[in-house]
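Observations on chain architecture
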Amino acid sequence: MEIPLLRYQTLSLDQIQRSISFPLSFSDSKFPKQRSLFSGCSFYLNRPKWKNPFSRIRCCSYVEQQLKPRPRPIPAKFEVEEIKAPPLAQEEAQIAIPSSGICSQIEKLVLYKRYREALEMFEFLESKGGYEVGGSTYDALVSACISLRSIRGVKRVFGYMISNGFELDQYMRNRVLLMHVKCGMMIDARQLFGEMPERNSVSWNTIIGGLVDCGEFVEAFGLFLDMWEEICDGESRVFATMIRAAADAHCVFDEMPKKTTVGWNTIIAGYALHGYSDEALSMYYDMRDSGVPMDHFTFSMIIRICARLASLEHAKQAHAGLVRHGFGLDIVANTSLVDFYSKWGRIEDARHVFDQIPNKNVISWNALIAGYGNHGRGDEAVEMFEKMLEERMVPNHVTFLAVLSACSRSGLSERGWEIFESMSRDYKVKPRAMHYACMIELLGQEGNLDEAFALIRAAPFKPTANMWAALLTACRINENLELGKIAAKELYGMEPQKLSNYVVLLNIYNSCGKLKEATAVVQTLRRKGLRMLPACSWIEIKKQVHIFHSGDERHAQTREIYETVDDLMVKIRRRGYIRDEKHLLPDVDEHERISAYHSEKLAIAYGLISTSDGTPLQIVQGHRICPDCHSAIKLIAKVTEREIVVRDASRFHHFKNGSCSCGNYW
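This section reports on the structure supplied with the text. (Residues numbered from 1 in each chain as written. Predicted model: local features only at pLDDT ≥ 70, side-chain atom pairs only at ≥ 80, totals over all residues. Heavy atoms only, no water.)

**Some remarks on the environment of leucine 125**
As for its position among the elements, leucine 125 is in helix H3 (residues 115–128). Look at leucine 125 and you get buried, because its relative accessible area is 0%. Sequence spacing of leucine 125 and cysteine 103 is 22 residues, and the spatial spacing of their C-alpha atoms is 8.8 Å. (Helix = DSSP H or I, 4+ residues; strand = E, 2+ residues; numbered from the N terminus. Buried < 20%, exposed > 50% of the residue type's maximum accessible area, 1.4 Å probe, protein only.)

Laid out in C-alpha cells, this is it:
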C-alpha cells in the first residue's frame, strides 16, 4: 500500500532522496579528458555509457524556454563601425585591453540577429588577443552560438572565457550549460553540470531537458528525482517534460520484442515518478522473473521506491539482491542504501554500508552526515564532517546544510557558528537561506530570540519563508508572543494558504492564555477555507503496513489496541504523566485535542502487542508530534523497556529510558 507521505508532510515529494544518484562521470577511456571549469567542487561517479533503445523517439525541445538572455535596451540607431586595433607592444602583451568598441558592436549585431557577423567579429577580437570581454558580451555570444548551433563557436567562446580568467556567476554558468546543450554537446554539458559549485532550478531543468531530447530517459528520470534532494523544487515545465518522456518510453517498451535492462529501468522509473510506487515495485518483480539482468540503476530505483513506501523489509531484499548480483561495492546503489537506512531509523545499518563503500564521494558523505543529524546525533555528524575534510573531500552547500542542521538539532552552538563562518571564508560557499534557517534554529534553541531576529534582518538577501518559520518555531518553544506575531505576519504574506503557520501562532496564543486572539486565528482559518487534516501514523509489521488515524476503530484488533492504550496510560500516570491539552497539533483536526487515542499511541500499542518483548518499534507519521504524545511516549518507552523511534514531519525522535533525542525542541 502506498503511504500518503505527500499529504501529511511539508517536505519534498514523499521524502524521495538520493537513492537514484545518476552519476556524471567522464573518467572512462571512451570519453575525452577535459579541463575542469569549476575547480574546487568537481566530483565524479563511475557509470557505464548506456546505449539508447529509444533513439527513434522524436522529442520537441524542452530547453527552448530555458534561461533567456538578459534584456538590453534597443539602440536608436544601428551602425557597425570598422574596428582597427593597434598592434600590441611586447611589454603590453599580457595586459587586458579595454574593448568596449568591439564588444558594443558584437552586442548590436546579436541584437539584430546578425549572429554570423557577431561571431566573425569575435574571432577578430580573439585573434588579436589580450582584450577584456565583459559578461554582457559573452551573453550575446552565447545567444549567437545557440542560434547558429555552432559547435565551433561554442568551443571558441568558452575557450576564450577560460583562458582569460573570466569569473562566471550563476547566471552565466547556466547560460554556458544551455549553450552546450542546445548545440548537442551533451558529454561536455554533463561534465559542466557535474562541476557546477551551485545549481538552481534552471541548471537542473536545462540538463534534464537536454537528456530527454536526446533520448536518455533513465538518466533524465534519475536527475529529476535528485533535483528534489538538492533544491526541493520540481517546476511544472520539467514535470511536463518527464511525463512526456515516460509516455513515449512506455509506448516503445510495449513494442519491444525483447525487453532490455534499460527499458525495464525506464518503465519502473516512470511508474515511480507518477506516484505509482506499488506498481513500480510489481514491475521490478516482473523484471526479476523475466530473467533480464539487473544493474545498479535497478537496485537504486527500488531502494528509493522502498523509501517512498516506508518498507524496510523490501529494502532489505533489494540490499541482498544488490550484493547477490555483484554490485555490493557500487557507489550509486550503496549511497542509496545509506540514505534509505538513515531516513528510516536504521542509522547503524547506514554507517555499516557507508564503511563498505571503497571510493566515497561527496553525496555519500552528505547522506551519512544528514542521517546522524536527523537522529539527533550531532557530535557524530560533526565528527564525520571533520573526517570528510581530512580525506580532502570538498564540501558543497548540501554538506554544510547537513552539518549545520545537525548542530542546530543537537544544540552545538559554538561548533555550529565556527562551521557557518568557515563556509565563505575557507570554502567559498555562500550561505543560503536554509543555512541561515539552521542558525536561527540554533539561536532559538538557546532562547536567544532577539539575536535570531537580528540575524534575519542582517541576511544579505530577502528573508525566506523557512527563515521566518524557524523563528516562529523558536517563538512557540520559548512562548515569545510578540516576535511570534511578527514572524507569523511575514509568513502569512509569503504562504497565505499554509495551515501550519496559523496553527503554530494559535498554539502560542493558547500557551500564553490569549484566548481571544486564539479565537481570531480560528476564525481566520475558517474564513480562508483552511481545514486541519486528520492525523495519520503507521507501523510496518512483517512487511505489512498498518495505518492509524486518531480515534480509529477500523483495525481488526481495535479492542485489543484500545485496551493496551488504556493500560499504558494507567502505568505512565504512576510515573508522573499529566495530560497536556494546551497545544494543538500543527496540521490535525481540532477535535483530536480531546481524544486520548492519538494515531501515534494506537500505532505504538499495535506494535507492542504484535512484537516480542524488547523489540524496538518504529513509527512514521505525517504531522509534527504533539507535546502531549511526546511526553507520553517518553514514559511509555520507560515502562515497556522498549526503544521507540518516531519519524514525524520535522525529524526523528528516539525515545529511550524516559528521554528523547530531540532534547524537547522540535
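**Considering the packing of aromatic side chains**
For the structure on display, the rule yields 16 aromatic pairs. A centroid spacing of 5.3 Å and a plane angle of 85 degrees characterise the contact between tyrosine 436 and phenylalanine 461, whose relative ring orientation is edge-to-face. You can see tyrosine 436 sitting in helix H21 (residues 433–445) and its partner phenylalanine 461 sitting in the loop between helix H22 (449–458) and helix H23 (465–478), a full 25 residues away along the chain. Each ring, one from phenylalanine 453 and one from tryptophan 468, has its centre 6.2 Å from the other, and the planes form 50 degrees; the classification is tilted. Of the two residues, phenylalanine 453 sits in helix H22 while tryptophan 468 sits in helix H23, which places them 15 residues apart along the sequence. Among the aromatic residues, ring-to-ring pairing joins Trp417, Phe420, Tyr436 and Phe461 into one connected group. (Phe/Tyr/Trp six-rings, centres within 6.5 Å; stacked < 30°, edge-to-face > 60°.)

**Considerations on the packing of helix H19 (residues 397–410) against helix H20 (residues 413–426)**
The interhelical angle for the contact between H19 and H20, taken along N-to-C directions, is 160 degrees, at an axis separation of 9 Å. By the criterion of interaxial angle, the relationship of H19 to H20 is roughly antiparallel. Crossing handedness for the pair H19 and H20: left-handed. Of the residues in H20, those touching H19 at Phe400, Val403, Leu404 and Cys407 are Arg415, Gly416, Ile419, Phe420, Ser422 and Met423. When its residues are assigned to classes, the contact of H19 with H20 shows 7 nonpolar, 2 polar and 1 charged. (Axes fitted to C-alpha atoms, helices over the stretch in contact; angles between N-to-C directions. Parallel < 35°, antiparallel > 145°, perpendicular 65-115°, else oblique. Left-handed = near helix turned anticlockwise from the far one by under 90°. Contact = heavy atoms within 4.5 Å. Nonpolar A, V, L, I, M, F, W, Y, C, P; charged D, E, K, R; others polar.)

**Things to note about helix H17 (residues 362–374)**
Taking 1.5 Å as the rise per residue, H17 with 13 residues should run 18 Å; its terminal C-alpha atoms sit 18 Å apart, in good agreement. Burial of H17 is extensive: 11 of the 13 residues sit out of reach of the surface. When we look at burial in H17, the residues that qualify are Val362, Ile363, Ser364, Trp365, Asn366, Ala367, Leu368, Ile369, Gly371, Tyr372 and Gly373. Tucked inside the fold, the buried residues of H17 contact helix H15 (331–343), helix H16 (347–356), helix H18 (378–390) and H19. (Expected span 1.5 Å × (residues − 1).)

**Considering the nonpolar core**
Counting residues in hydrophobic clusters, the biggest one holds 160 residues, and the most contacted among them are Ile207, Ile208, Ile268, Phe340 and Leu471. If you look at the next biggest cluster of nonpolar residues, it comprises 32 residues, including Ile541, Ile561, Val565 and Ile636. (Core = buried A, V, L, I, M, F, W, Y, C linked by side-chain atoms within 4.5 Å.)

**Quick look at the pattern of salt bridges**
Should their charged atoms come close, side chains of opposite charge can pair. For the coordinates displayed, the defined rule picks out 18 salt bridges. Here arginine 346 ties to aspartate 349 by a salt bridge, and the two come within 3.1 Å at their closest N and O atoms. Since its relative accessible area comes to 26%, arginine 346 is described here as partly exposed. What emerges from the salt-bridge pattern is a single network uniting Glu123, Glu126, Arg152 and Arg156. (Salt bridge = Lys/Arg side-chain N within 4 Å of Asp/Glu carboxyl O.)

**What about unusual backbone geometry?**
One non-glycine residue, lysine 428, lies in positive phi territory at about 55 degrees. Mapped onto the elements of the fold, lysine 428 is located in the loop between H20 and H21. Assessed through its relative accessible area of 66%, lysine 428 is described here as exposed. Backbone geometry at asparagine 657 places phi at a positive 55 degrees, although glycine is not the residue there. By secondary structure assignment, the location of asparagine 657 is in the loop between strand E7 (652–656) and strand E8 (659–660). On the basis of relative accessible area, asparagine 657 is assigned to the exposed category, the value being 58%.

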